[in-house]
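If you want the building blocks of each chain, they are given just below.
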Protein chains: 2
Amino acid sequence: MKDLGWKPNRKSHVPLHKQIEEYIKGKILKGEWPVGTRIPSQRQLSDMLEVNRSTVVSAVDELAAQGLLAGKKGGGTRVINNTWSVLAADPPLDWDTYVQSGTYKPNMPTIQEINRAEFHPNIIRLGTGELSPHLLPHGQMHKIWNRTSNRQISLGYPEPKGDLFLRTALADHLQRIGIQTTPSSILIVSGALQALQLISVGLLHRGSSVLLEKPSYLNSVHVFQSAGMKLVGVPVDQEGIQPSLVCKYKRQYGGDLLYIIPSFHNPTGILMSEKRRHDLLATSEQQRLPVVEDDVYRDLWLDNPPPLPLKSHDKNGNVLYVGSFSKTVSPGLRIGWIAGPEPVMDRLADIKMQTDYGSSSLSQWAAAEWLSTGLYQDHLNQVRKELKYRRNSTIKLLEQHFGGVASWSVPSGGFYIWLHIIPSISMRELFETALKEGILLNPGTIYDRDADQYIRISYSYASLEEMEQAISRLSLIMNDLINRRE
Amino acid sequence: MKDLGWKPNRKSHVPLHKQIEEYIKGKILKGEWPVGTRIPSQRQLSDMLEVNRSTVVSAVDELAAQGLLAGKKGGGTRVINNTWSVLAADPPLDWDTYVQSGTYKPNMPTIQEINRAEFHPNIIRLGTGELSPHLLPHGQMHKIWNRTSNRQISLGYPEPKGDLFLRTALADHLQRIGIQTTPSSILIVSGALQALQLISVGLLHRGSSVLLEKPSYLNSVHVFQSAGMKLVGVPVDQEGIQPSLVCKYKRQYGGDLLYIIPSFHNPTGILMSEKRRHDLLATSEQQRLPVVEDDVYRDLWLDNPPPLPLKSHDKNGNVLYVGSFSKTVSPGLRIGWIAGPEPVMDRLADIKMQTDYGSSSLSQWAAAEWLSTGLYQDHLNQVRKELKYRRNSTIKLLEQHFGGVASWSVPSGGFYIWLHIIPSISMRELFETALKEGILLNPGTIYDRDADQYIRISYSYASLEEMEQAISRLSLIMNDLINRRE
Ligand SMILES: Cc1ncc(COP(=O)(O)O)c(C=O)c1O
Ligand SMILES: Cc1ncc(COP(=O)(O)O)c(C=O)c1O
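Residues numbered from 1 in each chain as written. Chains lettered and ligands numbered in written order. Predicted model: local features only at pLDDT ≥ 70, side-chain atom pairs only at ≥ 80, totals over all residues. Heavy atoms only, no water.

Novice: How should I be thinking about the overall build of chain A in this particular structure?
Specialist: A tally of regular secondary structure across chain A gives 17 helices and 17 strands. In summary, chain A has a C-alpha radius of gyration of 25 Å against a globular reference of 23 Å for 486 residues, a match within 12%. Projected onto its principal axes, the C-alpha positions of chain A cover 75 × 65 × 50 Å. The long-range fraction of contacts in chain A, counting pairs at least 24 apart against all pairs at least 6 apart in sequence, stands at 72%. Summed over its atoms, the accessible surface of chain A is roughly 18,400 Å², and 50% of this surface lies on carbon and sulfur atoms. The centroid of the 53 positive side-chain charges in chain A is displaced by 1 Å from the centroid of its 49 negative side-chain charges. (Helix = DSSP H or I, 4+ residues; strand = E, 2+ residues; numbered from the N terminus. Rg over C-alpha atoms; globule rule 2.2 N^0.38 Å. Contact = heavy atoms within 4.5 Å. Areas by Shrake-Rupley, 256 points an atom, 1.4 Å probe, with all protein chains shown as cover. Lys, Arg positive; Asp, Glu negative; His and termini not counted. Charge placed at Lys NZ, Arg CZ, Asp CG, Glu CD.)

Written as structure tokens, this is what we have:
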């Protein structure tokens, strides 16, 4: 209940509190807020409805008087009745136990908090991992629509592995980065996240362990944990994850799969060196350890093209290669892909068919046009230029405001700067104070429970003016926290 | 490996068997067919590549001589080596154990067989549950593209519950069938199948039981079973599932959820009566049994509009209402929805964000245009007319060819006729003989293990000429089986 999508009408002759009362009553009577539902707090309601707290209070009091709502100690205000359940002798269905018993884990509270805060007006999102809306190619997307007449879009159920035209275009695209593959070894998915989801339920079982970089994006989502797998973080150095430690951790904690983000890692920005890639692939072969190579940031290099993917050297089919259009063209397309051994793609395609019958044909069609018209490469050139400028400016801002209190490496691509805060201050306090001042942070603990003294900065989303404001304000907040500590 | 997407070039000076040898070798060396992969049989290869069996044999023999392939007793031909693994001392990674250990169940063999057969050229698909491509609204979809300039399509990550404009249009749409709801109680999903998937992992746990009609579409997919739930089929009569039996089965086998398809049921075509809807809702309240009302065929009534949904009478929020554009506008859109209590929608939205970050923005945009422009209603009128004609003609064909040997009810909407074959013949033989003669059937056992003497006929997909051909040939095959039995 982040946003009600409704506000009282200030021009109406019906008093505001009455309108609110009727609105809430409607929700209850229609069963949208069934008995047991905890309604938003008075403060939240007054924020969401843009009215005084006292207006909310009188509406809620009236509903309590009518026997529909009641306050619970420490539990906020809940729906306790509706006209029908007053009449019915039976106690109503308790959705709460259902909502809590699903096997799928809810998002981490911090992430839920971030998701909610992203909708606050005027908030500066200092860590958001996507392109700013004005970097998204609205104009080019229009050009693509105008081409709809050239090729009939298939409106029926999609092919199991995805549109053949798109898979063919992708095989060409992958060829350019050294990956020799054919359309039958490619599976189209609804974003890279879904690739991971399918791998978790299709190739592993409860109790399997996944080795990964420490920290990692993968810790911020629950795909593997919700399917009953455990994640084992392996330390990294400046060249990426360390093969000798991969072996050691595998021996110690088990390891059924290795998940890596070798190019412009999320959240550290690290680019795995060419030598490290070769060593890691050799380790994978020697250990018979399948590798998921998540390469969604590869095309966003800012200084030099990165070394070829591990997949390009993989002659034994040990590597599942994952890519996506989300970070380059549009996350809204929800188009990603996996390239790997055909029997594995067959298995994952079968599961995909069983969970959502394939990805949107419109999106697949648009993705194929992006690749086959060359618009993709043109757009990349522009985005790289913009991102490079943003990265350089952000680094300057950090030098200006965080010299001495934080350390960082300069990323050579992607979106992220992994900021190490040197003085030991409470990151929870930093997060909350920043939020109160309109700055939303991504704390390091989302990506690694032990990364308490880190935050992920992204230079892809906020405008440079916002960056400047946020970074300077953040340094003031930090200084304040440091001083108070003493 | 249903389709290789490649055929040898008959115009080339390279002999066909040599081309095939090089092609297969390429697959092996690139790691697309890793060691252990079972390659298609010689018969399948000769079908897929459209060459003589002997051509395939000489290519495979040559590869076996080179040490890349080997026949296994009863196990077909497998990849046993590639140049690299010959050099490497270590045995290669065994993907097979991975493919078999995923928690998600593979599709039923019959369904995999059907999925494969659908790609045979010239096959008549007598049971396919979708609109024939020429009933899909290509022209109208073009009109919608031309409107892209009216409203900016959001290209960023989608909102958790889906595009607000679409949810608003859906709230209006649902209002017309008596469902009072607001956008915050609606969740957009990638098709109704994903709605079921989210419900399974979000609200139930391993060991939960789901009550459902016997037979049911739900038995043909694995969403609940793969998440560790069991399905309990409850007998139906001409008015739909029987409330007293729902209570009885719940007592006997447990029941955490009731899944029903009250309008133009898949596969029986049954329309639940108005009285039955009221009784069932009362049972749900009395038993505190949440209901999933899958209403994807509602708008496809052919004679009279169906009774209002159970959801329209649901004042306590017991019902989760599921709809989709797949059966009416386009399955390729992959747009469906759930309407239900807000805390439940919040929970499911949270999981959706964790599995695929939302549905395609393009599809959501197109769906909203379909609803808000009125094109949807126009299109429905046309589709209904077409389907009615198809239903009537199909019933005539059945009367003509199946009188005495089969029985059926005339559906008043949707796609399906549930054909009961009276003489006890081997349905496996019927399926296989029909397939050899180019007719693909959906056997009843897909929808109910005990429905051995049924097949699902769909009048939505094949053309009427194909219908006529297939039904008359099928009756000959049946007579033949009956005679041979004696
Ligand atoms: C490393 C990595 N993989 C996958 C994803 C998910 O991307 P998609 O939008 O393609 O699902 C992200 C997005 O943040 C990411 O950073
Ligand atoms: C009853 C029923 N529910 C759900 C679905 C899945 O539809 P969608 O394409 O919206 O996922 C089908 C499709 O066959 C169906 O028959």
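Novice: I would appreciate a short explanation of the pattern of salt bridges in the present structure.
Specialist: Pairing is possible between side chains that carry opposite charge, provided their charged atoms lie close to one another. Counting across every chain of the model gives 43 salt bridges over all chains. Between E21(A) and K18(A) there is a salt bridge whose closest N-O contact spans 3.3 Å. Taken together, the positions of E21(A) and K18(A), both in helix α1 (residues 16-29) and three residues apart, correspond to about one turn of that helix. The residue R390(A) makes a salt bridge to E386(A) at a minimum N-O spacing of 3.9 Å. Residue R390(A) and its partner E386(A) are both found in helix α15 (residues 375-402); the two are separated by four residues, about one turn of the helix. Connected via shared salt-bridge partners are K27(A), E32(A) and E342(B). (Salt bridge = Lys/Arg side-chain N within 4 Å of Asp/Glu carboxyl O.)

Novice: Got a minute to help me understand the domain arrangement of chain A in this structure?
Specialist: Interface size is often expressed as the accessible area that is lost when the parts come together. Residues and elements named next belong to chain A. Each domain of chain A was delimited in the assignment, giving domain 1 (16-96), domain 2 (109-133 + 378-485) and domain 3 (138-377). The centre of domain 2, based on its C-alpha atoms, is set 26 Å off from the matching centre of domain 3. Every contact between the two is made by 29 residues of domain 2 and, on the other side, 30 residues of domain 3. Buried area between domain 2 and domain 3, both sides added, is near 2,600 Å², and the carbon and sulfur share of it is 54%. In this structure, the connection of domain 2 to domain 3 is made through four salt bridges. D303 is paired through a salt bridge with K388; the nearest N and O atoms lie 3.6 Å apart. At the junction of domain 2 with domain 3, the criterion picks out 22 residue pairs in polar contact (both at pLDDT 80 or more). At the level of secondary structure, the elements contributing two or more residues to the side of domain 2 that touches domain 3 comprise α15 and β14 (416-421). (Domains from an automatic or database assignment. Buried area = accessible area lost by both parts, 1.4 Å probe. Polar contact = N/O pair within 3.5 Å; in protein donor to acceptor, adjacent residues only side chain to side chain.)

Novice: Sorry, what's going on with the site of ligand 2 here?
Specialist: Inspection of the region around ligand 2 gives 16 residues, with Y157(A), D294(B), Y297(B), S324(B) and S326(B) positioned closest. One chain alone does not account for the residues near ligand 2; they come from chains A and B. Contact between ligand 2 and L193(B): an oxygen atom at 2.9 Å from a main-chain N or O atom of the residue. Taken by itself ligand 2 offers 400 Å² of open surface, and the protein chains cover 97% of this. Looking at side-chain class alone, the shell around ligand 2 contains nine nonpolar, four polar and three charged residues. (Near = heavy atom within 4 Å. Nonpolar A, V, L, I, M, F, W, Y, C, P; charged D, E, K, R; others polar.)

Novice: I tried to follow helix α6 (residues 109-117) of chain A on my own but got confused; where do I start?
Specialist: When α6(A) is considered as a whole, its buried residues turn out to be T110(A), I111(A), I114(A) and A117(A). Each buried residue of α6(A) sits inside an arc of 125° when the element is viewed along its axis, so together they form one side. (Buried < 20%, exposed > 50% of the residue type's maximum accessible area, 1.4 Å probe, protein only. Arc of directions from axis to C-beta.)

Novice: Is there a simple way to think about the interface of chain B and chain A in this case?
Specialist: Between chain B and chain A, the contact holds 107 residues from the first and 107 residues from the second. Here chain B packs against chain A, burying approximately 9,200 Å² in sum over the two surfaces, 57% of which is carbon and sulfur. Looking only at chain B, the three residues that lose the most surface to chain A are L155(B), Y157(B) and Q354(B), adding up to 9% of its buried area. Note that E342(A) is salt-bridged to K27(B), the shortest N-O span being 2.8 Å. Here chain B is connected to chain A by 48 residue pairs in polar contact (both at pLDDT 80 or more). Mapped by element, the contributors of at least two residues to the side of chain B that touches chain A are α1 (16-29), α4 (83-87), α5 (95-101), α7 (138-145), α9 (192-203), α12 (274-287), α13 (342-356) and α14 (361-373) of chain B. Element by element, the count of residues in the side of chain B that touches chain A is highest for α13(B), at 11 residues.

Novice: Just to check I follow, could you spell out the nonpolar core for this structure?
Specialist: Side chains of a nonpolar character, in soluble globular proteins, are inclined to be buried together. Ranked by internal contacts, the top residues of the largest apolar core, which has 244 residues, are F224(A) and F224(B). What F224(A) contacts, discounting residues up to four positions off in sequence, is L196(A), I199(A), S200(A), L204(A), V210(A), L218(A), M229(A), L231(A) and L257(A). (Core = buried A, V, L, I, M, F, W, Y, C linked by side-chain atoms within 4.5 Å.)

Novice: What is the right way to look at the sheet that holds strand β13 (residues 406-407) of chain B in this model?
Specialist: Each strand in a sheet pairs with its neighbour through backbone hydrogen bonds, running either in the same direction (parallel) or in the opposite one (antiparallel). All names here are of chain B. Taking strand neighbours across the sheet as the criterion, the four strands line up as β13-β14-β17-β16 in an open arrangement whose pairing is antiparallel. Strands at the two margins of the open sheet, each flanked by one partner only, are β13 and β16 (442-443). Where β13 meets strand β14 (residues 416-421), two bridges bridge the pair, whose relative direction is antiparallel. Bridge assignment links S407 to a residue of β14, and that residue is H420. (Pairing = 2+ DSSP bridges.)

Novice: Any chance you could explain the packing of aromatic side chains here in plain terms?
Specialist: All names here are of chain B. Scanning the model with the defined rule gives 22 aromatic pairs over all chains in all. Measuring from ring centre to ring centre gives 5.4 Å for F325 and W337, while their planes differ by 90°; the resulting arrangement is edge-to-face. In this pair, F325 sits in the loop between β11 (319-324) and β12 (336-339) while W337 sits in strand β12, placing the two residues 12 residues apart along the sequence. Relative accessible area serves as the criterion here: at 1%, F325 is assigned to the buried category. Exposure remark for W337: the relative accessible area of 5% places this residue in the buried category. (Phe/Tyr/Trp six-rings, centres within 6.5 Å; stacked < 30°, edge-to-face > 60°.)

Novice: I would appreciate a short explanation of the site of ligand 1 in the present structure.
Specialist: The immediate surroundings of ligand 1 are formed by 16 residues, with A192(A), D294(A), Y297(A), S324(A) and S326(A) found nearest. More than one chain approaches ligand 1, the contributing ones being chains A and B. Note that an oxygen atom of ligand 1 is positioned 2.6 Å from one of the side-chain N or O atoms of S324(A). In the complex, the protein chains occlude 97% of the 400 Å² of accessible area that ligand 1 would expose alone.

Novice: Teacher, can you tell me more about the pairing of β14(B) here?
Specialist: A regular strand carries its side chains on alternate faces of the sheet. Residues and elements named next belong to chain B. Counting buried positions along β14 yields five of six residues, so the element is predominantly enclosed. Note: β14 against strand β17 (residues 454-458), five bridges, orientation antiparallel. Its bridge partner being in β17, Y416 is matched across the sheet by S458.

Novice: Teacher, can you tell me more about the confidence of the model for chain A here?
Specialist: Caution applies to low-pLDDT parts of the model: their predicted coordinates are not meant to be read in detail. When the pLDDT values of chain A are averaged, the result is 91; 96% of them are 70 or greater. The ipTM assigned to the predicted complex is 0.87, against a pTM of 0.88. (pLDDT = per-residue confidence, 0-100.)

Novice: Got a minute to help me understand the sheet that holds strand β6 (residues 230-234) of chain B in this structure?
Specialist: All names here are of chain B. The strand order across the open sheet formed by seven strands is β4-β12-β11-β10-β9-β5-β6, and the pairing between neighbours is mixed. The open sheet has two edge strands with one neighbour each: β4 (186-189) and β6. In this sheet, adjacent strand axes meet at a mean angle of 20° when their direction is disregarded. Judged from the three bridges that link them, strand β9 (residues 257-260) and strand β10 (residues 291-294) form a sheet pairing that is parallel. Bridging across to β10, Y259 finds its partner in V292. Of the strands in this sheet, β4, β11 and β12 touch helix α8 (residues 164-175), which is tilted by about 115° from β4. (Axes fitted to C-alpha atoms, helices over the stretch in contact; angles between N-to-C directions.)

Novice: In this structure, what is going on with the relation of the copies chain B and chain A? I would like to understand it.
Specialist: What relates the pair of chain copies is a rotation about an axis plus a shift along that axis. Between chain B and chain A, the superposition needs a rotation of 180° and an axial shift of 0.0 Å, giving an RMSD of 0.1 Å. Interpreted geometrically, this transformation is the action of a two-fold axis. Most of the interface of chain B is mirrored in chain A, where 100% of its interface residues again form contacts. (Least-squares fit on C-alpha atoms with pLDDT ≥ 70 in both.)

Novice: How should the environment of K248(A) be read in this particular structure?
Specialist: Inspection of the secondary structure puts K248(A) in helix α11 (residues 243-253). Spatially, the C-alpha atoms of K248(A) and V234(A) are 9.3 Å apart, while their sequence positions differ by 14 residues.

Novice: Honestly, the side chain of T37(B) in this entry has me stumped. Any pointers?
Specialist: Residue and element names in this part refer to chain B. Within the secondary structure, T37 is located in the loop between α1 and α2 (42-49). Under the relative-accessibility criterion, T37 is labelled buried at 4%. A polar side-chain atom of T37 sits 2.6 Å from the main-chain carbonyl oxygen of P34.

Novice: Before we go on, may I ask you to explain empty space enclosed by the protein in this structure?
Specialist: A probe as big as a water molecule, rolled over the atoms, marks out the empty space that is left. All chains considered together, the criterion is met by 14 cavities of 30 Å³ or more. Each pocket or cavity is described by its volume, and for the largest cavity that value is around 360 Å³. Lining of the largest cavity is provided by 26 residues; of these, Y104(A), Q197(A), V201(A), Q197(B) and V201(B) occupy positions nearest its centre. Looking at the lining of the largest cavity, the elements with two or more residues in it are α9 (192-203), α10 (223-226) and α13 (342-356) of chain A together with α9, α10 (223-226) and α13 of chain B. (1 Å grid on protein atoms, 1.4 Å probe; cavity = no way out; pocket = protein on both sides within 12 Å on 5 of 7 lines; lining within 4 Å. Points joined across faces, edges and corners; volume = space filled by probe spheres on them.)

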